[in-house]
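# Observations on the three-dimensional arrangement
These are the residues of each chain, in order.
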Amino acid sequence: MTGQLRLIRLYRAVVYPLIQLTVWSAASLVIISAVTLALAVVFNRQVAGGLTLVDFVVRTLPQVAIDGLTIGFLYAMIALGYTMVYGVLQLINFAHSEIFMVGAFVGVEFMLLLNLPPDQPVQGLLLVILLTTLLGMAASGLLAVGIERVAYRPLRHAPRLVPLISAIGVSFFLQDTVRAIEGLVNNAFFRNYPSFPALNEPLTLASVTVAGEPVTVQMQAKIILIIVVSLVMLSGLNYLVNATRLGRAIRAVAQDQATAALMGVNVDRIIMLTFLIGGALGGATGVLFGIRVGRIDPYVGFIPGIKAFTAAVLGGIGNITGAMLGGLVLGVLEAFAGAYLSQFTGGAFGSEYKDIFAFAILIIILIFRPTGLLGEIVAQRA
Amino acid sequence: MTTEVLLDCRQVTKRFGGLVAVNGVDFSVERGRIVSIIGPNGAGKTTLFNVISGFYRPDGGEIWFEGRRIDGLRPDQVAARGISRTFQNIRLFQNMTVLENILVGMHTRVRASAIQVLLRSRAFLDEERALVEEAFRLFRFIGLRANPNELARNLPYGEQRKVEFARALASKPKLILLDEPTAGMNPQEMAETTQLIRRLRDELGITVVLIEHQMRVVMGISERVTVLDYGEKIAEGPPAEVRRNPKVIEAYLGRGAALGSAD
């Protein structure tokens, strides 16, 4: 009986969220692709390069989808930091974007310190990147714990706006501290991740012919790496939260702090560990993000942070699966808007409008589902 | 039966601003007893529970449990010493399964270290399995009929009460504080719960303190009754004696009633 029960619990904790994640990301991709294609058919005309709009969409769609998923996974990992902290403290941790930024800086400094020659083989690079990611996780996790101890714990019983202001203060403090340090040491406040040809080389995953047109799906090695690392971390977190004793305690504290304490759960310790986990995810994302974009500065956390927060709200804040889903949906929307907005509108709106487009969709979803896509848990608690 | 004092509250006081919710209350419980705290609404009964369980820090007085001071400890530390409780309004973790609720209740008893948990060591897995098996024994003990994998919020009221009982027992407490365990129950359920409380003491050896409004339950099972009114202890003794105490009748029914019964 207990053996069978274990299986059920394992299914609920690990398999079900993964299926949910896959189905949702596939579904959002399919829906958004279908809408895009339908629009292309309706508004079909000649675009640059002697192609019709439909041709253009068909040729670029797989690439855009991969881009969307990559950004989506990164948003999802940052969003988890927001949503977990919100879950246990009902606090929007605005310093989380800076925790992410510090992870990116620790990563870049480490990689620059190693000073590897650029012609590294892929295997060695993967190891280096994994090490860097772990280092970024450790740094950001500890930083998050420190912030909680110094800036939030003394304000635990203050009105909710007070720790929020404290969070914004911490955010500015970290931005300018990193800027000051980098400025003093390197005489410039931005840093570039070293570039390795082996990681940037596009690998052709598939090459198919659609309606007589060759369509190739290519991915850089670093993008594959980002997706794999994200998937491992998201699955790991799901397992941690849903199937372990620590996760049980985190959920208990999130649902009812007072009762959890009376049942023998050390609430302060659980809150600390929540910050550690959320911060570590943020730090890992910082490193991966830095590898993807190359150049980072102390303000690099702001936009991804705001978007990840949005993703957390979109998925239903406080809900862990929701944060993953919200991140994916937002990333895919943004990639599609960035790729197609200019072609569809005949150049009236360029790809720089992608954020406006993504946020407009967000507002529409929240009008019809104020608790977010998976937000029933919040409704229950409120 | 020995008369060892398990819980000893000495001159416990708790204020909320200008309101003195509990005022210099002396309250002690011997091991193996079932005792009740009664009193009109707002008398400070639940506040006293909250102070004992570490949820509030007392403004004055001392609380001793098994010869050690426990006032000022955090709630989780008090729970670890062996005091467990249920709530007036059910406070289950609504979005967890029944089984998970019980496992949270066992939190204080976990021996495996974080490293063992992460490595899924043999010892950890054995411990986890043992805890699940014990949870099932608890379900049988309290007569839970619901599916252990059901979310707590989907259970009917009576079953939720039972799960709360089981969760309070999961930490293997020496003392259990029950806050109105029969609230909202029909006579049949009330009789079952009364029986269950007696079995906690007789079969598990747990000392029981309950807050109760149902006089039938109070008179039926408690060996001693303490009466609070406006935060102060106004009477204490065997149920039959307390029932005849004019001060108690006055507190419950008003002064006229007390005079009437004194005639």
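Residues numbered from 1 in each chain as written. Chains lettered and ligands numbered in written order. Predicted model: local features only at pLDDT ≥ 70, side-chain atom pairs only at ≥ 80, totals over all residues. Heavy atoms only, no water.

Take the overall build of chain B next. Scanning chain B from N- to C-terminus turns up eleven helices and ten strands. Here the C-alpha radius of gyration of chain B, 19 Å, is about what a compact globule of 263 residues would show, namely 18 Å. With respect to the three principal axes, the spread of C-alpha positions in chain B is 70 × 40 × 40 Å. For chain B, the residues scored as buried account for 54% of the 263 residues in total. Counting contacts in chain B only where the partners sit at least 6 residues apart, residues at least 24 apart contribute 66% of the total. Carbon and sulfur atoms form 49% of the exposed surface of chain B, whose accessible area is close to 11,600 Å². In chain B, 37 positive and 32 negative side-chain charges are present, and the distance between their average locations comes to 3 Å. (Helix = DSSP H or I, 4+ residues; strand = E, 2+ residues; numbered from the N terminus. Rg over C-alpha atoms; globule rule 2.2 N^0.38 Å. Buried < 20%, exposed > 50% of the residue type's maximum accessible area, 1.4 Å probe, protein only. Contact = heavy atoms within 4.5 Å. Areas by Shrake-Rupley, 256 points an atom, 1.4 Å probe, with all protein chains shown as cover. Lys, Arg positive; Asp, Glu negative; His and termini not counted. Charge placed at Lys NZ, Arg CZ, Asp CG, Glu CD.)

So, on to empty space enclosed by the protein. On inspection of all chains with the given rule, the structure shows two cavities of 30 Å³ or more. Approximately 30 Å³ is the volume found for the second largest cavity. If you trace the second largest cavity, you find it lined by Leu 262 and Met 263 of chain A together with Ala 79, Ile 83, Ser 84, Gly 105, Arg 167, Ala 168 and Ser 171 of chain B. Mapped by element, the contributors of at least two residues to the lining of the second largest cavity are strand S6 (83-85) and helix H6 (157-170) of chain B. Counted by class, the lining of the second largest cavity contains five nonpolar, three polar and one charged residues. (1 Å grid on protein atoms, 1.4 Å probe; cavity = no way out; pocket = protein on both sides within 12 Å on 5 of 7 lines; lining within 4 Å. Points joined across faces, edges and corners; volume = space filled by probe spheres on them. Nonpolar A, V, L, I, M, F, W, Y, C, P; charged D, E, K, R; others polar.)

This next bit is on the sheet that holds strand S5 (residues 68-69) of chain B. All names here are of chain B. Taken together, the four strands give an open sheet; going across it, the order is S2-S1-S4-S5, and neighbouring strands pair in antiparallel fashion. Each edge of the sheet is formed by a strand with only one pairing partner; in this case those strands are strand S2 (19-30) and S5. Pairing between strand S4 (residues 60-65) and S5: two bridges, direction antiparallel. Directly across from Trp 64, in S5, lies its bridge partner Arg 69. (Pairing = 2+ DSSP bridges.)

Let us now look at the pattern of salt bridges. All names here are of chain B. Inspection of the entire model under this criterion finds 30 salt bridges over all chains. The closest approach of N and O atoms between Arg 201 and Asp 202, which form a salt bridge, is 2.8 Å. Each of Asp 8, Arg 10, Glu 62, Arg 69 and Asp 71 takes part in a single network of salt bridges with overlapping partners. (Salt bridge = Lys/Arg side-chain N within 4 Å of Asp/Glu carboxyl O.)

Time to look at the side chain of Lys 307 of chain A. Residues and elements named next belong to chain A. Tracing the backbone through its elements, the reader meets Lys 307 in helix H11 (residues 302-315). Look at Lys 307 and you get buried, because its relative accessible area is 5%. Ignoring any residue separated from it by four or fewer positions in sequence, one finds Lys 307 in contact with Tyr 75, Leu 330, Glu 334, Asp 355 and Phe 359.

All names here are of chain B. Strand order across the open sheet formed by six strands is S6-S7-S8-S3-S9-S10, with mixed pairing between neighbours. Among the strands making up the open sheet, the edge pair consists of S6 and strand S10 (232-237). Across the sheet, the mean angle separating the axes of adjacent strands is 20° when strand polarity is ignored. One ladder, built from four bridges, connects strand S3 (residues 34-38) with strand S9 (residues 224-229); its direction is parallel. (Axes fitted to C-alpha atoms, helices over the stretch in contact; angles between N-to-C directions.)

Attention now goes to the packing of helix H3 (residues 96-114) of chain A against helix H10 (residues 267-293) of chain A. Residue and element names in this part refer to chain A. At a closest axis distance of 7 Å, the pairing of H3 and H10 adopts a crossing angle of 50°. One finds that H3 runs oblique with respect to H10. The interaxial crossing formed by H3 with H10 has right-handed handedness. Contact residues: H3 offers His 96, Ile 99, Phe 100, Gly 103, Ala 104 and Gly 107, while H10 offers Gly 278, Gly 279, Gly 282, Gly 283, Thr 285, Gly 286, Val 287 and Phe 289. (Parallel < 35°, antiparallel > 145°, perpendicular 65-115°, else oblique. Left-handed = near helix turned anticlockwise from the far one by under 90°.)

This part takes up H6 of chain B. Counted at 1.5 Å a residue, the expected span for H6 of chain B with its 14 residues is 20 Å, and the 20 Å between its end C-alpha atoms agrees. The element H6 of chain B is largely enclosed, with a buried count of 13 among its 14 residues. (Expected span 1.5 Å × (residues − 1).)

Quick look at the pairing of S2 of chain B now. Residues and elements named next belong to chain B. Examined bridge by bridge, strand S1 (residues 5-16) and S2 share eight bridges and lie antiparallel to one another. Residue pairing for S2: Val 12 is matched across the bridge by Val 25. Hairpin connection, S1 to S2: the antiparallel pair is bridged by two residues, and Gly 17 has positive phi, about 60°.

All names here are of chain A. Mapped onto the elements, Val 58 comes out in helix H2 (residues 53-89). Look at Val 58 and you get partly exposed, because its relative accessible area is 24%. Separated by 156 residues in sequence, Val 58 and Pro 214 place their C-alpha atoms 9.8 Å apart.

All right, on to the domain arrangement of chain B then. Residues and elements named next belong to chain B. The domain architecture assigned to chain B consists of domain 1 (1-82 + 173-263) and domain 2 (92-172). Between the C-alpha centres of domain 1 and domain 2 the distance comes to 27 Å. Taken together, the contacts link 23 residues of domain 1 with twelve residues of domain 2. Carbon and sulfur atoms make up 71% of the area that domain 1 and domain 2 hide from each other, which totals about 1,200 Å². Across the contact surface, domain 1 and domain 2 share zero salt bridges. Run the count over domain 1 and domain 2 and you get two residue pairs in polar contact (both at pLDDT 80 or more). When residues of the side of domain 1 that touches domain 2 are traced back to their parent elements, those giving at least two are helix H2 (75-81), strand S7 (175-179) and helix H7 (187-204). It is H7 that contributes the most residues to the side of domain 1 that touches domain 2, nine residues altogether. Class assignment of the residues belonging to the side of domain 1 that touches domain 2 gives a composition of 13 nonpolar, two polar and eight charged. (Domains from an automatic or database assignment. Buried area = accessible area lost by both parts, 1.4 Å probe. Polar contact = N/O pair within 3.5 Å; in protein donor to acceptor, adjacent residues only side chain to side chain.)

Bringing the interface of chain A and chain B into the picture now. Contact with chain A, which involves 29 residues of that partner, is made by 36 residues of chain B. When chain A packs against chain B, close to 3,200 Å² is buried across both sides, 59% of that on carbon and sulfur atoms. The largest contributions to the chain A side of the interface with chain B come from Arg 245, Leu 262 and Met 263 of chain A, which together make up 26% of the buried area. At the surface where chain A touches chain B, the tally comes to two salt bridges. Listed by contribution, the elements that provide at least two residues to the side of chain A that touches chain B are helix H1 (2-42), helix H7 (221-243), helix H8 (245-255), helix H9 (257-262) and helix H14 (376-381) of chain A.

This structure, assessed with the given rule, holds eleven aromatic pairs over all chains. With a centroid separation of 6.4 Å and an interplanar angle of 75°, the aromatic rings of Phe 189 of chain A and Tyr 299 of chain A are classed as edge-to-face. A residue pair is termed long-range when its members are at least 10 positions apart, and Phe 189 of chain A in the loop between helix H5 (161-186) and strand S3 (191-192) and Tyr 299 of chain A in the loop between strand S6 (295-296) and H11 qualify at 110 residues. In this structure Phe 189 of chain A comes out as partly exposed when scored by relative accessible area, which is 30%. Cluster of aromatic residues (ring-pair linked, three or more members): Phe 56, Phe 336, Tyr 340 and Phe 344 of chain A. Above the ring of Phe 190 of chain A, the side-chain terminus of Arg 295 of chain A is found at 3.6 Å from the ring centroid. One residue, Arg 167 of chain B, lies across the ring of Phe 93 of chain B, its end atom 5.0 Å from the ring centre. (Phe/Tyr/Trp six-rings, centres within 6.5 Å; stacked < 30°, edge-to-face > 60°. Lys NZ or Arg CZ within 6 Å of the ring centre and 35° of its normal.)

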